[in-house]
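An overview of the molecular structure
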Amino acid sequence: MVDKKKVNNKLIQIMHGDITLLEVDAFVYNIENNLALGSGTGNAISLRGGPSVQKELDEIAANKGTIPTGQAIISGSGLLPSKYIIHTIGPKFNEEDEDNKLKEATLAALKLAEEKGLKKIAFPPISVGFYAFPAEKCAKIMLDTIEAYLNGNTKIEEIIFCIFDSKHYGIFKDALQ
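Quick caveat, the model's predicted, so the values are computed rather than measured. (Residues numbered from 1 in each chain as written. Predicted model: local features only at pLDDT ≥ 70, side-chain atom pairs only at ≥ 80, totals over all residues. Heavy atoms only, no water.)

**Description of the nonpolar core**
One broad rule of soluble globular proteins: the nonpolar side chains tend to lie buried together. Ranked by size, the top nonpolar core spans 38 residues in total, and within it Ile86, Ile121, Phe123, Ile159 and Phe161 carry the most contacts. Where this core is concerned, the elements lending two or more residues are strand S2 (10-16), strand S3 (26-30), strand S4 (72-76), helix H3 (98-115), strand S6 (120-123), helix H4 (135-150), strand S7 (158-163) and helix H5 (166-176). It is H4 that provides the largest number of residues to this core, a total of nine residues. Excluding its chain neighbours within four sequence positions, the residues that come into contact with isoleucine 86 are Ala26, Phe27, Val28, Tyr29, Ala72, Ile73, Ile74, Ala109, Leu112 and Ala113. Listed in part, the 21 residues of the second largest apolar core include Leu22, Tyr29, Leu35 and Leu37. (Core = buried A, V, L, I, M, F, W, Y, C linked by side-chain atoms within 4.5 Å. Buried < 20%, exposed > 50% of the residue type's maximum accessible area, 1.4 Å probe, protein only. Helix = DSSP H or I, 4+ residues; strand = E, 2+ residues; numbered from the N terminus. Contact = heavy atoms within 4.5 Å.)

See below:
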């Protein structure tokens with residue numbers, strides 16, 4: 001299932017699936033501040049991408065320390081079909097200034113993609129699930145942020161929201177309309 005919307009001759013798509021299997025320039029992963037790949041998608045990255053992804057993240061963490069919420073870093077993707085993984089730090093639900101932090105995490109990922117000259121980026125619902133951020137609120141903030149970004153001067157051509165959970169897929173699909 002795929003739903004689409006054009007914004008300034010750019011494409012936003014919502015699809016159901018596993019983000020780690022997409023052939024995109026980069027996909028976004030909501031990582032912990034210490035840059036450790038966690039369970040769920042993090043486990044899929046480790047298993048499918050191989051040890052090089054966590055090794056690169058460990059090197060970044062050794063140089064930069066923990067990464068603040070709302071910021072992002074980029075790494076290679078190991079054996080995964082994407083070229084890169086953009087690791088962003090989303091807010092936990094009921095954290096101070098959570099809406100703005102989610103917007104900043106989304107923008108940080110977009111800006112890193114722009115700096116690398118990437119054209120096709122996949123996002124998950126950031127902070128939904130383990131961080132308990134409400135999917136409806138996440139969909140509105142992320143889609144509004146991405147639409148505003150695509151309406152600006154960008155070379156990014158396509159954004160895919162790749163959503164594993166069927167319930168969250170429906171929420172993002174409705175928000176896209």
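**Describing the layout of surface pockets**
In this structure, the largest pocket encloses a volume near 740 Å³. Contributing to the lining of the largest pocket are 29 residues, with Tyr29, Ser39, Gly40, Thr41 and Val128 lying nearest its centre. Residue assignment for the lining of the largest pocket shows that the elements contributing at least two residues are S3, helix H1 (41-49) and S7. Broken down by element, the lining of the largest pocket gets its largest block of residues, four residues, from H1. In terms of residue class, the lining of the largest pocket is built from 14 nonpolar, eleven polar and four charged. (1 Å grid on protein atoms, 1.4 Å probe; cavity = no way out; pocket = protein on both sides within 12 Å on 5 of 7 lines; lining within 4 Å. Points joined across faces, edges and corners; volume = space filled by probe spheres on them. Nonpolar A, V, L, I, M, F, W, Y, C, P; charged D, E, K, R; others polar.)

**Re the side chain of threonine 106**
Mapped onto the fold, threonine 106 is located in helix H3. A polar contact is formed between the side chain of threonine 106 and the backbone oxygen of leucine 102, at a distance of 2.9 Å. In this structure threonine 106 touches Phe123, Ile126, Met142, Thr145 and Ile146, once residues within four positions along its chain are discounted. (Polar contact = N/O pair within 3.5 Å; in protein donor to acceptor, adjacent residues only side chain to side chain.)

**A short note on the pattern of salt bridges**
All chains considered together, the criterion is met by seven salt bridges. Across the salt bridge formed by glutamate 98 and lysine 137, the nearest N and O atoms sit 2.6 Å from each other. In this pair, glutamate 98 sits in helix H3 while lysine 137 sits in helix H4, placing the two residues 39 residues apart along the sequence. Judged by its relative accessible area of 27%, lysine 137 falls in the partly exposed class. (Salt bridge = Lys/Arg side-chain N within 4 Å of Asp/Glu carboxyl O.)

**Topic: unusual backbone geometry**
We note that aspartate 97 has phi near 60°; this positive angle belongs to a residue other than glycine. Inspection of the secondary structure assignment puts aspartate 97 in the loop between strand S5 (84-88) and H3. Look at aspartate 97 and you get partly exposed, because its relative accessible area is 46%. Positioned with a positive phi, serine 127 is a non-glycine residue whose angle comes to about 75°. Among the secondary structure elements, serine 127 is positioned in the loop between S6 and H4. Residue class for serine 127 comes out buried when judged on its relative accessible area of 1%.

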